[in-house]
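Structural characterization, general
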Amino acid sequence: SCLTLPHTYKLLPAPSRAERCVLCDPISTDPFTRFQRDERAQVVVVGASAVDITSQTPPLEGGHASFLSQSTTRGTVALSVGGVARNIAEATHRVLSSNYTTLPSPHSTLLISPIGGDSFADVLVKDCENIKLRTDGLLRKTDSRTAVCNMVVDSHGALIGGVADMNITQDT
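Okay, so let's go over this structure.

Parameters and conventions
- Residues numbered from 1 in each chain as written.
- Predicted model: local features only at pLDDT ≥ 70, side-chain atom pairs only at ≥ 80, totals over all residues.
- Heavy atoms only, no water.
- Helix = DSSP H or I, 4+ residues; strand = E, 2+ residues; numbered from the N terminus.
- Buried < 20%, exposed > 50% of the residue type's maximum accessible area, 1.4 Å probe, protein only.
- Contact = heavy atoms within 4.5 Å.
- Expected span 1.5 Å × (residues − 1).
- Arc of directions from axis to C-beta.
- Salt bridge = Lys/Arg side-chain N within 4 Å of Asp/Glu carboxyl O.
- Pairing = 2+ DSSP bridges.
- Axes fitted to C-alpha atoms, helices over the stretch in contact; angles between N-to-C directions.
- Core = buried A, V, L, I, M, F, W, Y, C linked by side-chain atoms within 4.5 Å.

Thoughts on the overall build of the protein
Secondary structure summary: the protein contains four helices and eight strands in total. The order of helices and strands in the protein, counted from the N terminus, is β-α-β-β-β-α-β-α-β-β-β-α. By residue count, 42% of the 172 residues in the protein fall in the buried class. Considering only contacts within the protein whose residues lie at least 6 apart along the sequence, 72% involve residues at least 24 apart.

Points about helix α3 (residues 119-130)
Look at α3: 16 Å from first C-alpha to last across twelve residues, which is about the 16 Å you get at 1.5 Å a residue. Buried residues of α3: Ala121, Leu124, Val125, Cys128 and Glu129, and no others. Taken end-on, α3 shows its buried residues confined to a sector of 135 degrees, consistent with a single buried face. Residues of α3 that are exposed and point more than 90 degrees away from the buried face comprise Ser119 and Asn130.

Digging into the pattern of salt bridges
Where charged atoms from two side chains of opposite charge come close, those side chains can pair. Within the structure shown, the criterion is met by seven salt bridges. Arg86 is the partner of Glu90 in a salt bridge, and the nearest nitrogen-oxygen pair spans 2.8 Å. Of the two residues, Glu90 and Arg86 both sit in helix α2 (residues 84-98), four residues apart, roughly one turn of that helix. Judged by relative accessible area, which is 17%, Glu90 ranks as buried. Arg86 gets classed as buried once you look at its relative accessible area, which sits at 3%.

What about the sheet that holds strand β4 (residues 76-82)?
Strand order across the open sheet formed by four strands is β4-β3-β7-β8, with mixed pairing between neighbours. Bordering the open sheet on either side are β4 and β8 (159-165), each of which pairs with just one other strand. Pairs of neighbouring strands in the sheet enclose a mean axial angle of 15 degrees, with direction left out of account.

Topic: the side chain of Thr146
On the secondary structure map, Thr146 appears in the loop between β6 (138-141) and β7 (148-153). Given the relative accessible area of 1%, Thr146 is considered buried. Those residues in contact with Thr146 that sit more than four places away from it in its chain are Ile115, Gly116, Asp118, Phe120, Ala121, Leu124, Asp165 and Ile168.

Remarks on α2
Quick reminder: α-helices carry 3.6 residues per turn. Residues three or four places apart thus point the same way. Compared with the 21 Å implied by 1.5 Å per residue over 15 residues, the 21 Å span of α2 between its first and last C-alpha is a close match. Considered for burial, the residues of α2 that qualify are Ala85, Arg86, Ala89, Glu90, Thr92, His93 and Leu96. Packed against the buried residues of α2 are β2 (43-46), β4, β5 (109-116) and α3.

Remarks on unusual backbone geometry
Only a minority of non-glycine residues have a phi that is not negative, and only a minority of peptide bonds are not trans. Despite not being glycine, Lys132 has its phi angle at roughly 65 degrees, a positive value. Relative to the elements of secondary structure, Lys132 occurs in the loop between α3 and β6. For Lys132, a relative accessible area of 40% puts it in the partly exposed group.

Digging into the pairing of β8
The element β8 is largely exposed, with a buried count of zero among its seven residues. The pairing of β7 with β8 spans six bridges and is classified as antiparallel. Paired with Cys149 across the two strands is Ala164, which belongs to β8. In sequence, β7 turns back onto β8 through a hairpin of five residues, with Gly157 there showing a positive phi of about 90 degrees.

Comments concerning the nonpolar core
Core analysis: the biggest nonpolar cluster contains 18 residues, and Val45, Ala89, Leu111, Ile115, Leu124, Leu133 and Leu138 have the highest contact counts within it. Where this core is concerned, the elements lending two or more residues are β2, β3 (50-56), α2, β5 and α3. Looking at this core, the element that brings in the most residues is α3, giving four residues. Residues Ala41, Leu110, Ile112 and Leu139 belong to the second largest nonpolar core, which totals five residues.

Written out as structure tokens, the structure reads:
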């Protein structure tokens with residue numbers, strides 16, 4: 001069964017001075033964000049939101065990757081949003097929104113996730129706003145870094161290596 005909450009204020013703890021909670025101090029001035037506080041959530045997803053940075057190396061002659069240790073190489077770099085909870089929340093939101101005629105609100109998925117006080121957090125908020133996913137559960141911790149996963153993949157998409165800065169998920 002779905003977790004139905006009478007009011008999202010009851011789910012979130014009061015923010016400390018180091019945190020900026022969008023319930024008390026909205027990140028966005030978007031009218032969509034402002035009315036969310038009184039909307040009941042049909043589904044609540046709690047967990048990580050992250051920004052993924054994927055660097056892909058081109059193939060060399062003979063089909064081998066051109067990545068060299070202790071050097072840079074040409075290639076492509078892409079930025080996308082991710083995190084297991086954010087991905088689940090987006091998928092749930094899209095399914096529920098597609099069935100809007102039978103639900104009380106198209107904004108019935110609430111993602112509760114810590115984000116930092118950096119530009120990566122702004123990317124996550126903007127992405128949620130663009131797809132009309134609620135942002136009132138994003139807990140901004142201004143003294144923390146937003147979760148970022150930086151991956152290097154070869155020309156076939158196989159992982160060569162990467163760095164995942166997910167500390168905010170452990171500090172919250």
